[in-house]
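# Examining the three-dimensional arrangement
This is what each chain is made of:
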Amino acid sequence: MSAQGNGITLKGAPLDPSIALKPCDYESVGAHAEKISKLASSISPEDDKTRLELAETARKLVRALETPRETMIKHCWAQTATMAALTVGVDMGLFNIMAEDGGKSKKSADLAKAVGADPTLVARLLRHLGAMGYVEETDVDEYKPTNFTKSLTIPIIYAGYPVLSGGLLSANNLFHEYLRQNGYKTPTDLSDGALQYAYKTKNNMFEHLQANQPYGDLFNLHMGGYHQGRASWMDAGFFPVQERLIDGADKSSSSPFLVDIGGSIGHDIQEFLHKYPSAPGRLVLQDLQPVLDKITTLDSRIEVMTHNFLQEQPIKGSRAYYMHSVLHDWPDVEALKILARVKEAMKPGYSKVLINENVIPPRNATWEATGLDILMMTLLASRERTEQDWRHLLGEAGLKITKIWTVANGVESLIECELA
Ligand SMILES: C[S@@+](CC[C@H](N)C(=O)[O-])C[C@H]1O[C@@H](n2cnc3c(N)ncnc32)[C@H](O)[C@@H]1O
């Protein structure tokens, strides 16, 4: 085996190594800087569109200015070390102590004492986080948290670090080995993919996390964090809940209205009830028992039901069956089994399936969506789907897409379906 696994070497003369020592795209620097200055002069705190465009342009500027060598060192050393340092910081409760007293500057030795860790260890972790800009270095061995590190005291924000570092990322790190051994084919078997290769297990990702607590519990919190700050399908201007769901629904209190299938610890259905307190009928949250066991607070109007979505759907004839970030976890074969269980329970001409997922556009997909797509591939042999993928899958399932509701690129759409 050569340095590159499949033995491919560059055809023709090798590139002059000095290419790696010059800025990646010096010519575009001026244009990016000009755009940044223009956007910055018009931004206001409520203007999310300009904020996101400005941040993207700033990233383009950094990429243009960096040399290939610097970008390589950033990826291989700095970012992997950042993930490690943040995970250790979360694990030892470092950011909670840093955020105390409103986040005043503290000596790393005092922080180390408060968390019961070696002072040299804490000083080195903070030095790297300071160099990366995630804590502020206020004096020699003295730091204060930024808003980002203060936010690492919030469970739904910090949970992703330990669960990804400890429970999942070995699948990404060994993905190349797994693929090489499998002839670089797109993985399709959720019980024999990169995650199983890396962790030497036959469990699927959910079983693997549940069997390796606290990662299963942390994953549920992480799912709650993923959704924060993004437009929600039930918000005004996205999907007209009143016209498409409430009008025309059976108003009797015993009639099922919304079933959240694979709804985790209930963050979405709770949000729905909060935004539509007068929605009629029953609201039902379904997931596997170990997940439901972790619910801490939930409105008493929401019924909690253990349900394996590969088995018969016990709630028949609901106005809506809702699935958020569920089908992307499953390759088409399993996704069709899940949809078949929903279809059997639907009432013709009345029930709808609401699928809240990314619909990857043909061009210019966002990095959040493409990053998730790669994770779906390494962790579950699954995918984020394009519109064509969704039409194919749902057509196979015997469902008709009534409309795909989308508010912005990078925000999950709501795919509204009925029986074909
Ligand atoms: C990616 S999470 C999405 C959770 C939630 N809908 C959200 O968007 O935050 C997928 C959910 O599917 C649940 N799940 C996995 N396998 C399941 C099964 N066989 N039956 C029911 N739920 C399952 C997991 O426990 C998890 O809560």
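None of the values given here were measured: they were computed from a predicted structure.

A few words on the domain arrangement of the protein chain. The domain architecture assigned to the protein chain consists of domain 1 (19–66), domain 2 (70–153), domain 3 (158–225) and domain 4 (230–419). A C-alpha centroid distance of 27 Å is found between domain 1 and domain 2.

Attention now goes to the site of the ligand. In the neighbourhood of the ligand, 16 residues make up the surrounding shell, with Gly262, His267, Asp287, Asn308 and His324 lying closest. With respect to the ligand, the side chain of Asp287 contributes an N or O atom lying 2.7 Å from an oxygen atom. Asn308 is positioned such that a nitrogen or oxygen atom in its side chain is 2.9 Å from a nitrogen atom of the ligand. When isolated, the ligand has an accessible area of 590 Å², and the protein chains bury 96% of it.

Next up on the list: helix α9 (residues 160–173). The terminal C-alpha atoms of α9, which comprises 14 residues, lie only 17 Å apart, well short of the 20 Å expected from a rise of 1.5 Å per residue. At Gly167, α9 shows its largest kink, close to 50°. When α9 is considered as a whole, its buried residues turn out to be Gly160, Tyr161, Pro162, Val163, Leu164, Gly167, Leu168, Leu169 and Ala171.

We now examine the pairing of strand β7 (residues 320–324). Judged by how many residues are buried, β7 sits mostly within the fold: 5 of 5 residues are covered. In the sheet, strand β4 (residues 256–261) pairs with β7 via 3 bridges, with the strands oriented parallel. In the sheet register, Val259 faces β7, and the bridge partner there is Tyr321. Of the pairings in the sheet, the one linking β7 to strand β8 (residues 352–357) comprises 5 bridges and is parallel in character. Bridged to His324 within β8 is Asn356.

We now examine unusual backbone geometry. Geometrically, the link from Gln213 to Pro214 is a cis peptide bond, its omega value of 10° lying close to zero. The topology assignment puts Pro214 in the loop between α12 (205–211) and α13 (215–227). Backbone geometry places Ser325, a non-glycine residue, at a positive phi of 50°. With respect to the secondary-structure elements, Ser325 resides in the loop between β7 and α17 (332–345). Judged by its relative accessible area of 5%, Ser325 falls in the buried class.

Pairing is possible between side chains of opposite charge, provided their charged atoms come close. For the structure on display, the rule yields 21 salt bridges. Measuring nitrogen to oxygen at the nearest pair gives 3.3 Å for the salt bridge that ties Asp217 to Lys294. On the criterion of sequence distance, the pair formed by Asp217 in helix α13 and Lys294 in the loop between α16 (289–292) and β6 (302–306) is long-range, its members being 77 residues apart. Lys294 gets classed as partly exposed once you look at its relative accessible area, which sits at 40%. Of the charged contacts in the structure, one is a salt bridge between Glu303 and Arg282, with a shortest N-O distance of 2.8 Å.

Criteria and cut-off values
- Residues numbered from 1 in each chain as written.
- Predicted model: local features only at pLDDT ≥ 70, side-chain atom pairs only at ≥ 80, totals over all residues.
- Heavy atoms only, no water.
- Domains from an automatic or database assignment.
- Near = heavy atom within 4 Å.
- Polar contact = N/O pair within 3.5 Å; in protein donor to acceptor, adjacent residues only side chain to side chain.
- Areas by Shrake-Rupley, 256 points an atom, 1.4 Å probe, with all protein chains shown as cover.
- Helix = DSSP H or I, 4+ residues; strand = E, 2+ residues; numbered from the N terminus.
- Expected span 1.5 Å × (residues − 1).
- Bend = angle between axes of the 7 residues up to and from the residue.
- Buried < 20%, exposed > 50% of the residue type's maximum accessible area, 1.4 Å probe, protein only.
- Pairing = 2+ DSSP bridges.
- Salt bridge = Lys/Arg side-chain N within 4 Å of Asp/Glu carboxyl O.

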